[in-house]
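Structural overview
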Amino acid sequence: DHPIPSLAFALKERFHVNILKSQLAKLGLEPGPWVNRFKTLLLEEADAGTEIQIPGSKPGAAAATFTIGDLAEKIARITRGQKIAYVADAGYTPENEKKIIELALEADHLFIEAAFLEKDRSVAKEKHHLTAFQAGTLARSARVRDMSVFHHSPRYTDRGHLLQEEARHAFSRS
């Protein structure tokens, strides 16, 4: 609900792959482009028996060969996918409230506009923007883990911390 085109989206990984650097060291493996190939094979759900060659860590050292399954077991921690959501140029209406909460539901991080302070709510409404308080309340309602506010009105130049504080206060209210 904004007079010009606006943008809101959410991205969610199916799962997240963390490489355990201490385990790499134990196996005598060096990070390199092969790690991205390994992660890609995991994301593409390659057969666990698929082999991957890892270059030797020193010039002239022999390459090591592992199966994807064995390597995943030894050097990777696979966790649930992370979700980020982004909302800009949104007026605070019942329809937008519902859409924003649905879009951002249980996101790991929400990036959301906070153009005005709550004391300037009438200006925010007139300009089809959120207040910092509304942004924090939406983030709390969507049960996001963390949030960042942005897209502040120029009237708050050098006072962006006030918008941050107001949003954080609304977000952390019990």
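Only a predicted model underlies this, so the values are computations on that prediction, with no experimental measurement involved. (Residues numbered from 1 in each chain as written. Predicted model: local features only at pLDDT ≥ 70, side-chain atom pairs only at ≥ 80, totals over all residues. Heavy atoms only, no water.)

Taken as a whole, this structure holds three aromatic pairs when the rule is applied. With a centroid separation of 5.2 Å and 25° between ring planes, the pair formed by Tyr 86 and Phe 150 is classed as stacked. Taken together, the positions of Tyr 86 in strand β6 (residues 83-87) and Phe 150 in strand β8 (residues 146-150) put the pair 64 residues apart, joining distant regions of the chain. With relative accessibility at 24%, the residue Tyr 86 sits in the partly exposed group. With a centroid separation of 6.3 Å and 75° between ring planes, the pair formed by Phe 116 and Tyr 156 is classed as edge-to-face. Taken together, the residues span a long stretch of sequence, with Phe 116 in the loop between β7 (109-113) and α5 (121-126) and Tyr 156 in the loop between β8 and α7 (160-172) at a distance of 40 residues. A relative accessible area of 3% places Phe 116 in the buried class. Accessibility expressed as a relative area gives 2% for Tyr 156, which makes it buried. Members of the aromatic cluster, each reached through a chain of ring pairs, are Phe 9, Tyr 86 and Phe 150. (Phe/Tyr/Trp six-rings, centres within 6.5 Å; stacked < 30°, edge-to-face > 60°. Helix = DSSP H or I, 4+ residues; strand = E, 2+ residues; numbered from the N terminus. Buried < 20%, exposed > 50% of the residue type's maximum accessible area, 1.4 Å probe, protein only.)

Moving on, we come to the pattern of salt bridges. By the definition in use, this model includes nine salt bridges. One salt bridge connects Glu 118 with Arg 121, and the closest N-O pair in it is separated by 3.1 Å. Take Glu 118: its relative accessible area is 22%, and that puts it in the partly exposed class. The salt bridge partner of Asp 120 is Lys 119, with a shortest N-O separation of 3.7 Å. (Salt bridge = Lys/Arg side-chain N within 4 Å of Asp/Glu carboxyl O.)

For His 128, which is not glycine, the phi torsion reads 60° and is therefore positive. Overall, the relative accessible area of 26% leaves His 128 in the partly exposed class. In this structure, Asp 158 is a non-glycine residue whose phi angle is positive, near 70°. Topologically, Asp 158 is positioned in the loop between β8 and α7.

Once that is clear, we can look at the sheet that holds strand β1 (residues 8-12). Backbone hydrogen bonds hold the strands of a sheet together, and the pairing may be parallel or antiparallel. With respect to topology, four strands assemble into an open sheet ordered β1-β6-β7-β8, the strand pairing being mixed. On the outer flanks of this sheet lie β1 and β8, each paired with one strand and no other. For this sheet, the mean inter-axis angle between neighbouring strands, taken without regard to orientation, is 10°. Judged from the four bridges that link them, β6 and β7 form a sheet pairing that is parallel. Looking across to β7, one finds that Ile 84 is bridged to His 109. (Pairing = 2+ DSSP bridges. Axes fitted to C-alpha atoms, helices over the stretch in contact; angles between N-to-C directions.)

Just geometry here; none of it tells us what the structure is for.
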